[in-house]
Amino acid sequence: MADARIKEILKLLDPPAGFRPWHGGASPSGSLRGVSAEEAVWRPAPGRHNIWELVLHIAYWKYAVRRKLTNEPKSSFPRAPSNWPDLPEIADAKAWKRDRALLKEENDKLVEAIEAFDPKRLDKKPGDGGETPYVDLLMGIVMHDTYHTGQIQVLKRLYAPRKR
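Residues numbered from 1 in each chain as written. Predicted model: local features only at pLDDT ≥ 70, side-chain atom pairs only at ≥ 80, totals over all residues. Heavy atoms only, no water.

Q: Before we go on, may I ask you to explain the pattern of salt bridges in this structure?
A: When the charged atoms of two side chains with opposite charge come close together, those side chains can pair. With the rule as written, the count across this model stands at eleven salt bridges. Through salt bridges with shared partners, one network takes in D3, R5 and D123. (Salt bridge = Lys/Arg side-chain N within 4 Å of Asp/Glu carboxyl O.)

Structure below.
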């Protein structure tokens, strides 16, 4: 029998069709339906993050948590700098599609790593000297997704009058 914590984490990271989380928001990928490249680069004010930056940031942290789960050696994330990657020089529809695919790919890899993770290790700490147990890392990435998905939803609403 699968661990109930892992089942819930997987349900929140990779929601089944028709599932609506309690907070009403979609997954990060789901929140991007219908978002154009133009909308994704829009900022509500100077110095504020935009949807595209949030997508790359979310993808990076999925990558980072997966590396902890699988004890992978540090490698390089496909975009730089790591935590808040720069937007592409040409932020067009093609680049936007590529970066949305990166988010989906990192989410899929994380889901696969969680499915393969031994639940007996959930309460243990990674062997890299980290102090955070695996279960907290996994719950943390779920909360990270929820937080930033909420930001994406707010940015979409703020941008909506510009679509008219």
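Q: How should I be thinking about the packing of helix α1 (residues 4–13) against helix α4 (residues 93–116) in this particular structure?
A: Think of two packed helices as two axes; the pair is described by the angle between the axes and how far apart they sit. Orientation of α1 relative to α4, taken along the N-to-C sense of each, is 170°, at an axis distance of 11 Å. Taken together, the axes of α1 and α4 are roughly antiparallel relative to one another. When α1 is examined against α4, the residues I6, I9, L10 and L13 are found in contact with a partner set consisting of N107, L110, V111, I114 and E115. A class-by-class count of the residues in the contact of α1 with α4 yields seven nonpolar, one polar and one charged. (Axes fitted to C-alpha atoms, helices over the stretch in contact; angles between N-to-C directions. Helix = DSSP H or I, 4+ residues; strand = E, 2+ residues; numbered from the N terminus. Parallel < 35°, antiparallel > 145°, perpendicular 65-115°, else oblique. Contact = heavy atoms within 4.5 Å. Nonpolar A, V, L, I, M, F, W, Y, C, P; charged D, E, K, R; others polar.)

Q: What is the right way to look at the packing of α1 against helix α5 (residues 134–163) in this model?
A: Axis separation between α1 and α5 bottoms out at 10 Å; the angle between their running directions is 25°. Classified by the angle their axes make, α1 and α5 are roughly parallel. The two elements α1 and α5 cross, and the hand of that crossing is left-handed. Here R5, I9, L12 and L13 of α1 lie close against α5, whose contacting residues are V135, L138, M139, I141, V142 and D145. (Left-handed = near helix turned anticlockwise from the far one by under 90°.)

Q: What's the story with α4 in this structure? I'm lost.
A: Think of an α-helix as 3.6 residues a turn; residues three or four steps apart then line up on the same face. With 24 residues, α4 should cover 34 Å at 1.5 Å per step; its first-to-last C-alpha distance of 35 Å lies within 8% of that length. By the burial criterion, the buried members of α4 are A95, W96, D99, L102, L103, E106, N107, L110, V111, A113 and I114. Its buried side turned inward, α4 meets α1, α2 (37–41), α3 (51–70) and α5. (Expected span 1.5 Å × (residues − 1). Buried < 20%, exposed > 50% of the residue type's maximum accessible area, 1.4 Å probe, protein only.)

Q: Help me understand the nonpolar core, please; the structure alone is not making it clear to me.
A: Note that soluble globular proteins tend to have their nonpolar side chains buried in a common cluster. Core analysis: the largest hydrophobic core is formed by 23 residues, its most contacted members being L32, I51, W52 and W96. When contributions to this core are tallied by element, the ones reaching two or more residues are α2, α3, α4 and α5. With residues near it in sequence (within four places) discarded, W52 still touches A37, A40, V41, L87, P88, A91, D92, A95, W96 and D99. Among the nonpolar cores identified, the runner-up in size contains 18 residues, and L10, L13, V65 and L137 belong to it. (Core = buried A, V, L, I, M, F, W, Y, C linked by side-chain atoms within 4.5 Å.)

Q: Could you clarify how one ought to interpret the packing of aromatic side chains in this entry?
A: Two aromatic rings are characterised by how far apart their centres lie and by the angle between their planes. On inspection of all chains with the given rule, the structure shows seven aromatic pairs. Considering the side-chain rings of W42 and Y159, the 5.5 Å spacing of their centres and the 65° angle between planes classify their relative orientation as edge-to-face. Placement of W42 in the loop between α2 and α3 and of Y159 in helix α5 is noted, with a sequence separation of 117 residues between them. Note on accessibility: W42 and Y159 belong to one class, buried. Pairing W52 with W96 gives two aromatic rings, centres 5.0 Å apart and planes at 55°, and the pair type is tilted. One end of the pair, W52, is in helix α3; the other, W96, is in helix α4, with 44 residues separating them in the sequence. Each residue in the set Y60, W61, Y63 and F77 is aromatic and connected to the rest through ring pairs, giving one cluster. (Phe/Tyr/Trp six-rings, centres within 6.5 Å; stacked < 30°, edge-to-face > 60°.)

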